[in-house]
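Residue-level structure breakdown
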Amino acid sequence: MKKLSKYIYELPKELVAQHPTDFRDQSRLLVYHRQSKKIEHKKFSDFKDYFEEGDVLVRNDTKVFAAELMAEKEKTGAKIQVTLLRELSKEQKLWDILVDPARKIRIGNKLYFNKDDVSLEAEVIDNTTSRGRTLRFLFAGEYEDYRKKIEYLGNVPLPTYIKRAADEEDKKRYQTIYAKNPGAVAAPTAGLHFSKQLLKRLEIKGVKIADMTLHISQGTFRPVDVEDLSKHKMDSEEVIISQETADMVNDAKGNKKRICAIGTTVIRGLESSVSTSGTLNAYRGWTNKFIYPPYNFSIADSLVTNFHRPKSTILMMVAAFVGYEETMNIYDIAKEEKYRFNSYGDAMIII
């Protein structure tokens, strides 16, 4: 199933979630059992019933930062939307960015960011793509102070299929409750369903939690535009897997305990650091791994994920994990049952 056309399906607009549920763990949960092919319809709060003492949940603790800023161009005062994609240098305060409208922004242009009494100045120092630029912030103070200014000036970068402006609620809800390492421009959405109460109940059962970091880039929203999937190139994203997490996962694997990846970003991170013997290595680096059928997974045997858009790389990864025919059948059922799709939508767990 290496052709893009296999991953096109009709997604009714009314099923694309525009807001989160009132309570995180009250989203719906489709449970798919791979061996029996049985499907159950639950609430996410029922997630705890599928795990036992010694099982390990691996989650992505990346934190979404306020990556969308509005700037004014020097001299003309033209309004320019800036999306921060990736920090290239903390010392030089360099960023890989997107600008809109791009035709107005050239090397050497100064951009001014202002909100209330907070301001920053930056200079464009390179062109990278038609919309891409390299930006240097001109700030002589402490790094922490400059990052606080960015957070204040910026907004949460909601996906374009959410047809509204980001608000204060999004700063809290488009973030997992365990997010701690800033660097993502998109949330690891499978983790949005976990509440403090649910995590506590899992802890009481003896289920272990292992953290890793994968800073999700803007490329997570980019649809594939080549028919031959082997020709698609993923954006590189930073991955950090500690020795503690690797040991916890390998111990569980050795004891034949369940290892559940909370989201497709976790799967990508885990599969990017597998030893020749099929165990997990500690790792700090980058990954541009693209997973699509057929693929043999080495670490996780369970996966929590949302329902994803047609032609998305995330849908293709789910198909690799479950099987193509099974995935498309699950999606048909999800549409019939009116599950909510995408970042603020409902979830499924594949066991």
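Residues numbered from 1 in each chain as written. Predicted model: local features only at pLDDT ≥ 70, side-chain atom pairs only at ≥ 80, totals over all residues. Heavy atoms only, no water.

A few words on the environment of Lys48. Locating Lys48 in the fold gives a position in the loop between β2 (39-43) and β3 (56-60). Every residue in contact with Lys48, bar those within four places of it in the chain, is listed here: Leu198, Arg201, Leu202 and Lys205. (Helix = DSSP H or I, 4+ residues; strand = E, 2+ residues; numbered from the N terminus. Contact = heavy atoms within 4.5 Å.)

For sheets, the rule is that strands pair by backbone hydrogen bonds, running either parallel or antiparallel. Ordered by their spatial adjacency, nine strands build an open sheet running β2-β1-β17-β16-β14-β3-β12-β13-β15, and the pairing between neighbours is mixed. Of all the strands in the sheet, the pair left with one neighbour each is β2 and β15 (283-287). The average angle at which neighbouring strand axes cross in this sheet is 20°, direction not considered. Of the strand pairs in this sheet, strand β1 (residues 28-32) and strand β17 (residues 347-350) are connected by four bridges, and their pairing is parallel. Pairing of Val31 across the sheet is with Ile349, part of β17. Those strands touched by helix α6 (residues 313-322) are β1, β16 (302-306) and β17, and its axis lies near 30° from that of β17. (Pairing = 2+ DSSP bridges. Axes fitted to C-alpha atoms, helices over the stretch in contact; angles between N-to-C directions.)

On the secondary structure map, Ser217 appears in the loop between β12 (208-214) and β13 (237-241). Using a relative accessible area of 12% as the deciding quantity, one classes Ser217 as buried. Discounting chain neighbours no more than four positions away, the residues touching Ser217 are Val185, Asp235 and Glu237. (Buried < 20%, exposed > 50% of the residue type's maximum accessible area, 1.4 Å probe, protein only.)

This brings us to the packing of aromatic side chains. Applying the stated criterion across every chain, the model contains 20 aromatic pairs. Relative to Phe137, the ring of Phe113 lies with its centre 5.7 Å away and its plane at 40°, an arrangement referred to as tilted. Taken together, the positions of Phe113 in strand β8 (residues 110-115) and Phe137 in strand β10 (residues 132-137) put the pair 24 residues apart, joining distant regions of the chain. Ring centres of Phe297 and Phe321 lie 5.0 Å apart, and the angle between their planes is 70°; on these two criteria the pair is classed as edge-to-face. Taken as a pair, Phe297 in the loop between β15 and β16 and Phe321 in helix α6 lie far apart in primary sequence, 24 residues in all. (Phe/Tyr/Trp six-rings, centres within 6.5 Å; stacked < 30°, edge-to-face > 60°.)

Let us now look at the nonpolar core. Counting 64 residues, the largest nonpolar core has Val58 and Phe307 as the members making the most contacts within it. Element by element, the count of residues in this core is highest for α6, at eight residues. Once you skip the residues sitting within four places of it in the chain, Val58 turns out to touch Ala210, Met212, Val249, Ile259, Cys260, Ala261, Ile262, Val266 and Leu270. (Core = buried A, V, L, I, M, F, W, Y, C linked by side-chain atoms within 4.5 Å.)

Take Thr83: it is sitting in strand β6 (residues 79-89). With residues up to four places along the chain from it excluded, the contact list for Thr83 reads Ala67, Glu68, Asp96, Ile97, Leu98 and Gln218.

What follows covers the packing of helix α5 (residues 264-271) against α6. Running from N to C, α5 and α6 point in directions that differ by 70°, and their axes come no closer than 10 Å. Here α6 runs roughly perpendicular to α5, going by the angle between their axes. Considering only the axes of α5 and α6, their crossing is left-handed. Contacts between α5 and α6 involve Thr264, Ile267 and Arg268 from the former and Ile314, Met317, Val318 and Phe321 from the latter. (Parallel < 35°, antiparallel > 145°, perpendicular 65-115°, else oblique. Left-handed = near helix turned anticlockwise from the far one by under 90°.)

The antiparallel closed barrel is built from six strands, whose spatial order is β5-β6-β7-β10-β9-β8. Mean inter-strand twist for the sheet, computed between neighbouring axes without regard to direction, equals 45°. Relative to strand β9 (residues 118-127), β8 is paired through six bridges, and the arrangement is antiparallel. Bridge pairing links Lys110 to Glu123 in β9. Lying on the sheet, helix α1 (residues 143-153) is in contact with β5 (68-73), β6, β7 (94-100), β8, β9 and β10; it crosses β9 at an angle near 95°.

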